[in-house]
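# Commentary on secondary and tertiary structure
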Amino acid sequence: MPSSTLRRSIWVLAAATVLAAAALAIIPYVASTRIVRDRIAAEIGTWSGYRVEIGAPPELVIWPQLHAVLTDITFSDPASASGNPVGTVERMEIELAPLAAMRGDAVFTSATLVRPTLAVGTDGDPLTVFAGKGRIRAAVERTRATLAEKGPAAARADLPDDAFGSLRIVQGRIVGPDGGAADPLATGIEGSIDWPAFDEAGSLALRGSWRGEAVRLELGSANPLLLMAGAAAPLRVSASAAPASASFDGTATLAAIPFLNGRISLSAGSFDRLANWLGTDNPDWENLRAFSLSGAVSSDDRRIKLEEASLQVNEARATGAVELVLRSGGPSVSGSLAFDSVGFDQVLKALLPLTGSRPEPDGAPAGDHLLLDMRLSADRAAMGGLQMAEVAAAIQARKGSVALDILDARSLGGEFRAGMRFTRQAAGIGAEMTLTASNVDGRAFGAAAGMTQLVPSGRGAVSLTLRGEGSDARSALQSGSGSFAARFGAGTLSRFDLTTFLELCRKGGFFSLAETANGELQIDGLDLGAKIVAGVARIDEAEARFGDRRLWISGLASYADLGLALTGGIGPLRPPSPPNPLPDEAGFFVGGSWAAPLISPVAPAGN
């Protein structure tokens, strides 16, 4: 290489080095004189749409990247009636584009907010609260206008391409409109928002504390701007905390009439804990533990459909379809669910509080309450201690009441049907119950009633009509009034030796019915009829027939404490009419409990 060429190359390299050094040297001066003083606050205000005040002169840092450090930043809305700041930031670090800085412009590529505070409730529009009134809001409104005028395709093709970048949050919090005078709504917020440009995909990942629980929230969309403008766009949402987790993956709109189409899931280790966390404290939900719901969700106007639904409540699992209608007086739910097993008492107690207060007087305005109309099926079910199989049922709820109809079921070895209605009243909860069963097994019936002896083995029919108080079948039985009837065919009376019983009666004195349990008595049939008052059955007469003789009892039997106060006898099947009736062979009193009756003979047999 000629020496002249070499000298020119050296001079060019030296000049470039000097220019680069000069550029590096002049950037702080240009930035400090033109950007910091004139542009950074204005640019932040342009993005947020609020008046921005910076408490101290910004600090410029050159290496390794050009960025500005701001302290004590306040965002306020001149139109606010309260005058409270919309938000404050203790420290803000903003990365700047160096070439733009040389031109005297402030172009942000990313920002970190340290200990920011956002006040919500100062504006009724959630978009204004979280997106501000600046460039994002303007882009949303422009897209909305295009949507209204030209439709989604044109809006998608004409999206603004403003660069946004990334925003990192450190130790943030959200407060109410009082500016934090009361307890903060959320604290310890950490995370980031990544959105390269308005026409690109974006995501949000935050974690923090809400109502005393650590919460993690993640959102992502292929087109956030379309979503905020009210058009349909892909959306992924997941939220998790100790009480519950939820997710959605599909397509959605955030318009005045929201739209969803995708997969949704919700799970909670304890439904009662979740309800308390959300501010709904109901003692009837204490027994609702594990809860999960998932399926394909779609919505139209105020109607939400969940198909391919999978539901779990405690150990009960169900599949089916549910439709939710959001109406002005409260939600309406309908559909069908197929359970593997279900406890109807727990379902009724959980639903009744959701129906609101007692029904209003005629002419009074209706309050918010749940309307429910569901068809249920179950392989196994329980109600008031009664076990059922192959159950088909319907459950309905309206203002102040819940009704359950067992349309068909297998129970007690036969066919079973029942209807129950629970109504909130001024003095408590009123209960109505009807029950019919046919071709039932006497032994199964006795076991369900808590009886261990004198149980018929034949098949028969039972019926019950009852009105009482309480929020489940058992409490209604313990307090109710109505009637009961049973009729069984030929079979045996279990654990009853007639010869031993008569011998003990002749001897006199108390004895336990268990002392006669070493045999069975063949019978031709058994009939029982009773009136029930406040949980106590007044047995008009119960009669077991065997040959030309009968065993009969009458008196009181309490369902609440299973106590007995009965009289009975063993004698001719049909005593002749007076004046010459044939006497009973034995008479006796029965006391104690259903499970362990005590017998007191009235007189020795034959007297």
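What you see is a predicted model; the values in this text were computed from it and never measured.

## Structural notes on the overall build of the protein
For the protein, the count of helices and strands is twelve helices and 32 strands. Of the contacts formed within the protein by residues at least 6 apart in sequence, a portion of 49% connects residues at least 24 apart. A total accessible area of about 30,500 Å² is found for the protein, and carbon and sulfur atoms account for 56% of it.

## Focus on the pairing of strand 30 (residues 564-572)
Judged by how many residues are buried, strand 30 sits mostly within the fold: seven of nine residues are covered. Note that strand 29 (residues 549-558) and strand 30 share nine bridges and pair antiparallel. When the bridges of strand 30 are listed, Ala557 appears paired with Leu564. Hairpin connection between strand 29 and strand 30: a loop of five residues separates the two successive antiparallel strands, and Leu562 in this loop has a positive phi of roughly 60°. Taken together, the five bridges between strand 30 and strand 31 (residues 586-592) define a ladder with antiparallel strand orientation. Paired with Gly569 across the strands is Gly587, a residue of strand 31.

## Observations regarding the confidence of the model for the protein
Across the protein, the average pLDDT comes to 83, with 83% of residues at 70 or higher. The spread of mean pLDDT over the elements of the protein runs between helix 1 (residues 3-38), the lowest at 50, and strand 9 (residues 213-221), the highest at 96. Every residue in residues 14-26 scores below 50 in pLDDT, and together they form two contacts with partners more than four places removed in sequence or on other chains. In this model residues 362-367 is a low-confidence stretch, pLDDT under 50, and it forms five contacts with partners more than four residues away in sequence or in other chains.

## Concerning the pattern of salt bridges
On inspection of all chains with the given rule, the structure shows 19 salt bridges. With a shortest N-O distance of 2.9 Å, Arg137 and Glu141 are connected by a salt bridge. Highlighted residues: Arg137 and Glu141, both in helix 5 (residues 135-150), separated by four residues, approximately one helical turn. Residue Arg137 is classed as buried on the basis of its relative accessible area of 15%. Of the charged contacts, one joins Glu543 and Arg550 as a salt bridge, the two residues approaching to 2.9 Å between their closest N and O atoms. By relative accessible area, Glu543 is classed as buried at 15%. The network of salt bridges with shared partners includes Arg487, Asp527, Glu541, Glu543, Arg545 and Arg550.

## Some remarks on helix 10 (residues 442-449)
Of the residues making up helix 10, those classed as buried are Gly442, Phe445, Gly446 and Ala449. In an axial view of helix 10, the angular spread of the buried residues amounts to 100°, which keeps them on one side of the axis. Close packing links the buried residues of helix 10 with strand 21 (428-441), strand 22 (459-469) and strand 23 (481-488).

## A closer look at helix 12 (residues 498-507)
Those residues of helix 12 lying buried are Leu498, Phe501, Leu502, Leu504 and Cys505. Seen end-on, helix 12 carries its buried residues on one side only, within an arc spanning 160°. Residues of helix 12 that are exposed and point more than 90 degrees away from the buried face comprise Thr499 and Lys507. One or two residues past the end of helix 12 sits Gly508, with phi positive at roughly 80°.

## What to know about the nonpolar core
Counting residues in hydrophobic clusters, the biggest one holds 79 residues, and the most contacted among them are Phe344, Ile406 and Phe416. What Phe416 contacts, discounting residues up to four positions off in sequence, is Met383, Leu386, Met388, Ile406, Asp408, Ala409, Ser411, Leu435, Thr436 and Ala437. Residues Val52, Leu113, Leu159 and Ala309 belong to the second largest nonpolar core, which totals 39 residues.

## Quick look at the packing of aromatic side chains
Here the structure, examined in full by the defined rule, presents twelve aromatic pairs. Judged by centre distance (6.0 Å) and plane angle (80°), the ring pair of Trp47 and Phe198 falls under edge-to-face. With Trp47 in helix 2 (residues 40-48) and Phe198 in the loop between strand 7 (186-197) and strand 8 (202-210), the pair connects residues that are 151 residues apart, well separated along the chain. The pair Trp47 / Phe198 is uniform in exposure class, with both members buried. Their ring planes at 55° and their centres at 5.3 Å tell us that Phe496 and Phe501 sit as a pair that is tilted. A network of ring pairs unites the aromatic residues Trp47, Phe164, Trp195 and Phe198 as a single cluster.

## Describing a negative patch on the surface
Taken together, the side chains of Asp161, Asp162, Asp199 and Glu200 present a region of like negative charge at the surface. Taking the relative accessible area as the measure of exposure, Asp162 reaches 33% and is therefore partly exposed.

## Thoughts on the pairing of strand 19 (residues 401-411)
Bridge count for strand 18 (residues 386-398) against strand 19 is eight bridges, and the pairing is antiparallel. Within the sheet, the bridge partner assigned to Ala393 lies in strand 19 and is Ile406. Between strand 19 and strand 20 (residues 414-425), which follow one another and run antiparallel, lie two residues, and Leu412 among them has a positive phi close to 55°.

## Notes on the side chain of Glu323
Here Glu323 is to be found in strand 15 (residues 316-327). Setting aside residues up to four positions removed in sequence, Glu323 forms contacts with Arg303, Ile304, Lys305, Ser332, Val333 and Ser334.

Cut-offs used in this document
- Residues numbered from 1 in each chain as written.
- Predicted model: local features only at pLDDT ≥ 70, side-chain atom pairs only at ≥ 80, totals over all residues.
- Heavy atoms only, no water.
- Helix = DSSP H or I, 4+ residues; strand = E, 2+ residues; numbered from the N terminus.
- Contact = heavy atoms within 4.5 Å.
- Areas by Shrake-Rupley, 256 points an atom, 1.4 Å probe, with all protein chains shown as cover.
- Buried < 20%, exposed > 50% of the residue type's maximum accessible area, 1.4 Å probe, protein only.
- Pairing = 2+ DSSP bridges.
- pLDDT = per-residue confidence, 0-100.
- Salt bridge = Lys/Arg side-chain N within 4 Å of Asp/Glu carboxyl O.
- Arc of directions from axis to C-beta.
- Core = buried A, V, L, I, M, F, W, Y, C linked by side-chain atoms within 4.5 Å.
- Phe/Tyr/Trp six-rings, centres within 6.5 Å; stacked < 30°, edge-to-face > 60°.
- Patch = residues over 30% accessible without salt bridge, like charges linked within 9 Å, V, L, I, M, F, W, Y side chains within 5 Å.
- Lys, Arg positive; Asp, Glu negative; His and termini not counted.
- Charge placed at Lys NZ, Arg CZ, Asp CG, Glu CD.

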